[in-house]
Amino acid sequence: MVRPSPIVWLLLAALAWRMLLATILPIGTDEAYEIAVGRDFALSFFDHPPLGFWAPALAELLGADGPLGYRLPTLLFGTLGTWLLYLVGREIGGERVGLWAAGLGVLAPFTLLAGVIILPDGPLYPAMLASTYALLRLERGGSAQWWWLAGGALGLAMASKYQAALFGIGAFAWIVVTPSLRVWFRRPGLYGAILLALAGIAPVILWNVANGWASLAFHSGRAGAGPNPANAALMLLGQMVYLLPPVMIAALLRLFNAPLWTNTRTRLLLLSSLPTLAMFNAIYTVSERSLPHWTMPGWLMLLPLVAAGLADRPRARRWLWGFAIPAHALLLIAALHLNSGLLTRFSDPVPEWDNTAPNLPLGTARQALNDSGLLNGRPLIAAEGWVEGGHLGAILGPDWPIRILEENPHHFLFMEGQTMTGPAALIGITPLGAPAEALLQRLTARARTLDPGAEPLGIVPVERGGRAYFALVVVGLDF
């Protein structure tokens, strides 16, 4: 009887853990937005390239519904990424390093969640790792067919998230600065790979040309606020939380390890990580609206090098487990609370700090709205902002166009609902009780600036963990 190899057991255990989280966690804001606008199947989107947006929309077309169903493509991306981390780690250090590289991909909170939550990082990570693995195979004399994987995978990465371009720059720099690899410039495989990579970004360029370079304007506006050391410190702390402190410290040490820079194979991982880490940590120093996960593709490339250090250091592994176990326990508790109000289940009233709106349970919220009858005769849904619009779009499904009232509707601007007229239901999301009454008054007043005949239709309660908690505030108006 052939026993499954350790990597198979690791992949199965990681998939089980991810599936549990994917089932428990309510759909978050970015996820709901990607579900709602991804149905447009545009060449690209206001915020990111298309692949991460198409994935949940394709799952929905195939019949998926609910958190686990929408997240199935991301679960596949996460499993593939874990396996590719193993392959890359094995290439640079053997079987044990490969297993630890895959393990780090599961233990580091953000790389774990990138295989659960619907984000552009989901398809980005396995695509980058596949390109890296192909380049390592080429470096040790692999056949020209590996160029197809190197370029095609980079193309998929470019179709997932803009950070892929920085990875490509680092990989190209690796070829330039490595004397033994410069012979590749005389081989057609390199140029074929470059064309495949550019093919991945071509739809994004075409969409932006047709829409006034909307994505470029949006992303460039997130920096340039002037020196902001407090934000840089906050982003550094966020990166440490996302990676776990011992992992980030070990990765930084690898980044400044001279022998690793002299080794051709490990130099690829260092150079492919450096542009992302340098660029976004610089942006953090002059930004107010930044997020720590922007650097995660760079840290990802260093995980196999961290694994090489862990493989023969039991003390370092104890430090890793000492942080990883409580971090994952807290993650499970947070997921359970978002799902059921675990931490405040017996509090009456619910404390003000416990505000999990607008992360509503999709099926429960949809049923509550349908049963209320408040949407009858109103084929258009309106929302104040893209956050609420995304959640409402995910809740109600593809048959309800969304119109956003705020000046920055993100990708909703390019969808049919933004220009539709006629009877509409303006819906807000808030906890039940006094906040719902206040929101109903405010939304009614805002609706009357657009339609003097607008009227409050009611408040629809939605349960969380068997207890009425959320409120969907509905105002009727005509555009």
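Residues numbered from 1 in each chain as written. Predicted model: local features only at pLDDT ≥ 70, side-chain atom pairs only at ≥ 80, totals over all residues. Heavy atoms only, no water.

## Some thoughts on the pairing of strand S3 (residues 423-431)
Convention followed: Between buried and exposed lies partly exposed: a residue is buried under 20% and exposed over 50% of the maximum accessible area for its type, with that area taken using a 1.4 Å probe on protein chains only. Secondary structure elements are taken from DSSP: a helix is a run of H or I of four residues or more, a strand is a run of E of two residues or more, and numbering for both begins at the N terminus. A pair of strands is treated as paired once DSSP finds two or more bridges between them.
For S3, a buried count of eight out of nine residues is recorded, marking the element as mostly surrounded by other parts of the structure. As judged from the three bridges shared by strand S1 (residues 380-383) and S3, these two strands associate in the parallel manner. Looking across to S3, one finds that Ala382 is bridged to Leu426. The sheet contact formed by S3 and strand S5 (residues 467-478) spans nine bridges and is antiparallel. If you follow Pro423 over to S5, its bridge partner there is Asp478.

## Observations concerning the pattern of salt bridges
A side chain of one charge can pair with a side chain of the opposite charge when the charged atoms of the two come close. Definition in use: By convention in these notes, a salt bridge is any Lys or Arg side-chain nitrogen within 4 Å of a carboxyl oxygen on Asp or Glu.
What the rule picks out here adds up to ten salt bridges. Among the ionic pairs, Arg39 bridges to Glu60, the shortest N-O distance being 2.8 Å. Within this pair, whereas Arg39 is found in the loop between helix H2 (29-38) and helix H3 (51-61), its partner Glu60 is found in helix H3, the two being separated by 21 residues in sequence. The exposure class of Arg39 is buried, given its relative accessible area of 17%.

## Considering the packing of helix H18 (residues 362-372) against helix H19 (residues 386-396)
Here is the rule we go by: Note on geometry: axes are C-alpha line fits, over the in-contact stretch for helices, and angles between N-to-C directions span 0 to 180 degrees. Small angles under 35 degrees read as roughly parallel and large ones over 145 as roughly antiparallel, with 65 to 115 read as roughly perpendicular and the rest as oblique. Residue contacts follow a heavy-atom distance rule, with two residues in contact if any of their heavy atoms lie within 4.5 Å.
In the contact formed by H18 and H19, the axes pass within 8 Å of each other and the chain directions differ by 80°. As judged from the angle between their axes, H18 and H19 are roughly perpendicular. Here Leu362, Ala365, Arg366 and Leu369 of H18 come into contact with H19, specifically with Ala394, Ile395 and Leu396.

## Brief notes about the nonpolar core
Generally speaking, nonpolar side chains in soluble globular proteins are found buried as a group. Basically, it comes down to this: Joining through side-chain atoms within 4.5 Å is the link that ties buried Ala, Val, Leu, Ile, Met, Phe, Trp, Tyr and Cys residues into a set, and such a set is a nonpolar core.
Counting 72 residues, the largest nonpolar core has Leu104, Leu135, Trp174, Trp184, Trp299, Leu302 and Leu320 as its most contacted members. Of all the elements, helix H7 (residues 121-139) adds the most residues to this core, at eleven residues. Discounting residues that sit within four places of it in the chain, Leu135 has contacts with Trp147, Ala150, Ala171, Trp174, Trp184 and Leu268. In terms of nonpolar packing, the next biggest core, distinct from the first, is built from 43 residues, Ala357, Ala365, Leu392 and Leu472 among them.

## Remarks on H2
For the α-helix, the turn length of 3.6 residues means that residues three or four positions removed from each other point alike. Of all ten residues that make up H2, eight are buried, and the element is covered over most of its length. Turning to H2, its buried residues number three or more, namely Glu31, Ala32, Tyr33, Glu34, Ile35, Ala36, Val37 and Gly38. The elements touched by buried residues of H2 are H3, helix H4 (66-93) and H19.

## A look at unusual backbone geometry
Residue Asp348 is joined to Pro349 through a cis peptide bond whose omega torsion reads 5°. Looking at where Pro349 falls in the secondary structure, it is placed in the loop between helix H17 (314-340) and H18. Positive phi values are uncommon outside glycine, yet Phe41 reaches one of about 45°. Judged by relative accessible area, which is 37%, Phe41 ranks as partly exposed. Backbone geometry at Trp213 places phi at a positive 55°, although glycine is not the residue there.

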